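Coordinate analysis (summary)
As a plain string of letters, each chain reads:
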Amino acid sequence: ASCLPCIPGEFQNETGKTECKLCAEGSASGEKNRTIPCDLCASGRTANPGSTACSACPAGKYIDTNNICTTCNQGLFTSSQNQASCQICESGETSIGGICAKCDVGQYDAGHRRCEKAPPGTYQDGKGESTTKPCPKDTWSDVTGATSNAQCIACTADRTTGGLSGSTSNISCLCRATEFYKDEYSSSCKPCPEGADCSAKHGATLGEINAKSGFWR
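In this report, the structure presented in the accompanying data block is examined. (Residues numbered from 1 in each chain as written. Predicted model: local features only at pLDDT ≥ 70, side-chain atom pairs only at ≥ 80, totals over all residues. Heavy atoms only, no water.)

Observations concerning the overall build of the chain
Under the convention used in this document: Where helices and strands are cited, they refer to DSSP runs of H or I of at least four residues and of E of at least two residues respectively, numbered from the N terminus. When accessible area is computed with a 1.4 Å probe and restricted to protein chains, residues below 20% of their type maximum are described as buried, those above 50% as exposed, and intermediate ones as partly exposed. Note on areas: these come from Shrake-Rupley sampling with a 1.4 Å probe, and a residue is covered only by the protein chains present in the view. Charge assignment: positive for Lys and Arg, negative for Asp and Glu; neither His nor the chain ends contribute. All charge positions are set by atom: Lys at NZ, Arg at CZ, Asp at CG, Glu at CD.
Check the secondary structure of the chain and you find zero helices and 22 strands. Counting only C-alpha atoms, the chain reaches 130 × 25 × 25 Å along its principal axes. A burial count over the chain gives 33% of its 217 residues as buried. Put simply, the chain shows about 13200 Å² of open surface, and 50% of that area lies on carbon and sulfur atoms. Counting 20 positive and 23 negative side-chain charges, the chain places the centres of these two groups 1 Å from one another.

Next comes the structure, spelled out in structure tokens:
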């Protein structure tokens, strides 16, 4: 009887045997006539018993300098298997597990391809954006991750932010100059008294307003 060679995916490290041994799970060999156990797969790859090759390093991962299949860091990706390095996601995107995705509504690309929630005083109603939008003047918001300008709260009619946008607190809503002044005790807005000039600044108190020409106080 003649001896037959072990085929790829098999080996035989003993003499006088009538059959070859399958490569163990997690190992593989593409060689014929192998006389030593099959090569172990690198970290991050797998192989079924009798495999001729280990699984590929899939998209989202890369083969590092130690031949280990490693997941790309945040903000990086690979789009095909067995890549030697990762690429950076587009602006307005980030990655988890090496697959890029647009920053969601309520978020923005804060740099280095990291999606962060829109800070108070701002919102973001679109996906894949690298900036946020400020709440309009005469509104404010203390919400983190706001997704719409509807979450910006309007100042009452007797108050204004004085042209300031992106306000984070109702403290920014000041009594409107000319028409009102701020009551120091209640912080409410009072109508400007007859003969008074309340135009000096928004949020002026009674002590900060002056008498008009022809009047005195």
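Focus on the environment of H202
Residue position: H202 is located in the loop between β21 (196–197) and β22 (210–211). With 54 residues separating them along the chain, H202 and S148 place their C-alpha atoms 28 Å apart.

A short note on the pairing of strand β10 (residues 99–102)
Consecutive side chains of a regular strand alternate in pointing toward one face of the sheet and then the other. Note the cut-off: Paired strands, as defined in this entry, are two strands with at least two bridges between them according to DSSP.
Judged from the four bridges that link them, strand β9 (residues 93–96) and β10 form a sheet pairing that is antiparallel. Bridge pairing links T94 to A101 in β10. Connecting the antiparallel pair β9 and β10 is a turn made up of two residues, with G97 showing a positive phi of about 75°.

Quick look at the pattern of salt bridges
If charged atoms from side chains of opposite charge come close, those side chains can pair. To be explicit about the condition: In what follows, salt bridge is the name for a side-chain nitrogen of Lys or Arg lying within 4 Å of a carboxyl oxygen of Asp or Glu.
Considering all chains together, one arrives at eight salt bridges under this definition. Among the ionic pairs, R34 bridges to E31, the shortest N-O distance being 3.4 Å. On the accessibility criterion, E31 (43% relative accessible area) is partly exposed. Several salt bridges converge on common partners, so that one network encompasses E31, R34 and D39.

Observations concerning the state of the cysteines
Rules: Here, the term disulfide refers to a pair of cysteine sulfur atoms separated by no more than 2.5 Å.
Using the criterion set out here, one finds 11 disulfides in the structure. Residue C72 pairs covalently with C86 via a disulfide, S to S 2.1 Å. On the sign convention where negative is left-handed, the bridge of C72 and C86, at about -85° about the S-S bond, is left-handed. Highlighted residues: C72 in the loop between β6 (69–71) and β7 (76–77) and C86 in the loop between β7 and β8 (87–88), separated in sequence by 14 residues. Judged on exposure class, the residue C72 and its partner C86 are both buried. Between C175 and C189 runs a disulfide, and the two sulfur atoms are separated by 2.1 Å. Between C175 and C189, the S-S dihedral sits near -95°, and the bridge is therefore left-handed. Taken together, the positions of C175 in strand β18 (residues 174–175) and C189 in strand β20 (residues 189–191) put the pair 14 residues apart, joining distant regions of the chain. Just as C175 is buried, C189 falls in that class too.

Regarding the side chain of T78
We apply this condition: A 3.5 Å cut-off defines polar contacts: any pair of N or O atoms within that distance qualifies, except that in protein one atom must be a possible hydrogen donor and the other a possible acceptor, and neighbouring residues in sequence count only when both atoms are side-chain atoms. Any two residues whose heavy atoms approach within 4.5 Å are treated as being in contact.
Residue placement: T78 occurs in the loop between β7 and β8. Within the structure, the side chain of T78 is placed 2.6 Å from the backbone nitrogen of G60, a separation counted as a polar contact. Of the polar contacts made by the side chain of T78, one reaches the backbone oxygen of K61; its length is 2.8 Å. Setting aside anything within four residues of it in sequence, one finds T78 in contact with P58, A59, G60, K61, Y62, C72, Q83, S85, C86 and G98.

Let's talk about the environment of E116
Relative to the helices and strands, E116 is located in strand β12 (residues 115–117). We classify E116 as partly exposed; its relative accessible area is 33%. Between the C-alpha atoms of E116 and T70, which are 46 residues apart in sequence, the distance is 25 Å. E116 has contacts with G106, Q107, Y108 and A110, leaving out every residue within four places of it along the chain. Only 2.4 Å separates the side chain of E116 from the side chain of R114, close enough to count as a polar contact.

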